[in-house]
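Topology and contacts: notes
The lines below spell out each chain.
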Amino acid sequence: MAEEAHAERADGGAEAAGGGGRKKLVVLVAAVLLLLGGGGGVAWKLGFLGAKAKHAEAKDLGAEPANAAAGGEHGGAAASGAAGAGMGALVPLDPFIANLSDEDGRRYLKATLSVEFFRPAAPPEFTQRLPQVRDLMLTLFSSKTFAEVRTPQGKAVLRDEIVTRLNHALRTDAVKAVYFTEFIVQ
């Protein structure tokens, strides 16, 4: 009987020791998972994670994360990349100064604009035809009167005319929109 009691204590002691080892293992695994989760959260917050996913997503959509087209003289035709989904390349143009066609001929227009394309990169024809583009814009601006360009509706019509003329010059529907970044009439 004494031997049975001693055997029970030995078995119970082994079970207690095994149970304590399991508890330590569970605590250790939980601590490691907590550290990995916290480290991953910090890495994501700092931008170490997700940048590759965004780059891969942009490639899947056919966009490039950053574009650079050939720049014209004075940086007038440098394209910026497609930063957002559905946004094409933006090409800022050098400022235009033109006489308006008012009867007294004393009014001037100064306009700076950016051209947005449907694609993430500006077509090469655009930079090749930059002198033609500038001529088209100057001719259009000088054909307008002050009354035609002073209202928001007049500026919207002017934008539409610019898009139409640019697409005609490029012989394709490449231009999506035109944005005035400066518009002064004096």
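Our subject in this report is the structure included herewith. Just so it is clear, the structure is predicted and the values come from calculations on it, not from any experiment.

1. Structural notes on the overall build of the protein
Scanning the protein from terminus to terminus reveals six helices and four strands. Counting from the amino terminus, helix and strand elements in the protein follow one another as α-α-β-β-β-α-α-α-α-β. Going through the 186 residues of the protein one by one, you find that 25% of them count as buried. Nonlocal contacts in the protein, meaning residues at least 24 apart in sequence, comprise 60% of its contacts between residues at least 6 apart.

2. Concerning the packing of helix 4 (residues 130–142) against helix 6 (residues 152–170)
Helix-helix packing is characterised by the crossing angle of the two axes and by the distance between the axes. Running from N to C, helix 4 and helix 6 cross one another at 145 degrees; their axes reach a closest spacing of 10 Å. The element helix 4 and its partner helix 6 pack so that their crossing is right-handed. In contact with Q132, V133, L136, M137, L140 and F141 of helix 4, helix 6 contributes L158, E161, I162, R165, L166 and A169. Split by residue class, the contact of helix 4 with helix 6 holds nine nonpolar, one polar and two charged.

3. Some remarks on helix 4
Counted at 1.5 Å a residue, the expected span for helix 4 with its 13 residues is 18 Å, and the 18 Å between its end C-alpha atoms agrees. Turning to helix 4, its buried residues number three or more, namely L130, V133, M137, L140 and F141. Along the axis of helix 4, the buried residues cluster in a sector spanning 95 degrees; they form a single face. Those residues of helix 4 that are buried are in contact with strand 2 (96–99), strand 3 (108–117), helix 3 (124–128) and helix 6.

4. Looking at the pattern of salt bridges
Tallied over the full model, the rule gives four salt bridges. The residue D102 makes a salt bridge to R107 at a minimum N-O spacing of 4.0 Å. Overall, the relative accessible area of 18% leaves D102 in the buried class. On the basis of relative accessibility, which here comes to 31%, the residue R107 falls in the partly exposed class. The partner of E182 in a salt bridge is K110, with the nearest N and O atoms 3.8 Å apart. Of this pair, E182 sits in strand 4 (residues 175–185) while K110 sits in strand 3, placing them 72 residues apart in sequence.

5. Describing unusual backbone geometry
A positive phi angle, close to 60 degrees, is found at R171, a residue other than glycine. Structurally, the position occupied by R171 is in the loop between helix 6 and strand 4. R171 sits in the exposed class, given a relative accessible area of 66%.

6. Comments concerning the packing of aromatic side chains
Overall, the coordinates contain three aromatic pairs when judged by the stated rule. Arranged with centres 5.1 Å apart and planes meeting at 75 degrees, the rings of F117 and F126 form a pair that is edge-to-face. For the pair shown, F117 and F126 are each scored as buried. Ring centres of F180 and F183 lie 4.9 Å apart, and the angle between their planes is 70 degrees; on these two criteria the pair is classed as edge-to-face.

Reading the values: the criteria
- Residues numbered from 1 in each chain as written.
- Predicted model: local features only at pLDDT ≥ 70, side-chain atom pairs only at ≥ 80, totals over all residues.
- Heavy atoms only, no water.
- Helix = DSSP H or I, 4+ residues; strand = E, 2+ residues; numbered from the N terminus.
- Buried < 20%, exposed > 50% of the residue type's maximum accessible area, 1.4 Å probe, protein only.
- Contact = heavy atoms within 4.5 Å.
- Axes fitted to C-alpha atoms, helices over the stretch in contact; angles between N-to-C directions.
- Left-handed = near helix turned anticlockwise from the far one by under 90°.
- Nonpolar A, V, L, I, M, F, W, Y, C, P; charged D, E, K, R; others polar.
- Expected span 1.5 Å × (residues − 1).
- Arc of directions from axis to C-beta.
- Salt bridge = Lys/Arg side-chain N within 4 Å of Asp/Glu carboxyl O.
- Phe/Tyr/Trp six-rings, centres within 6.5 Å; stacked < 30°, edge-to-face > 60°.

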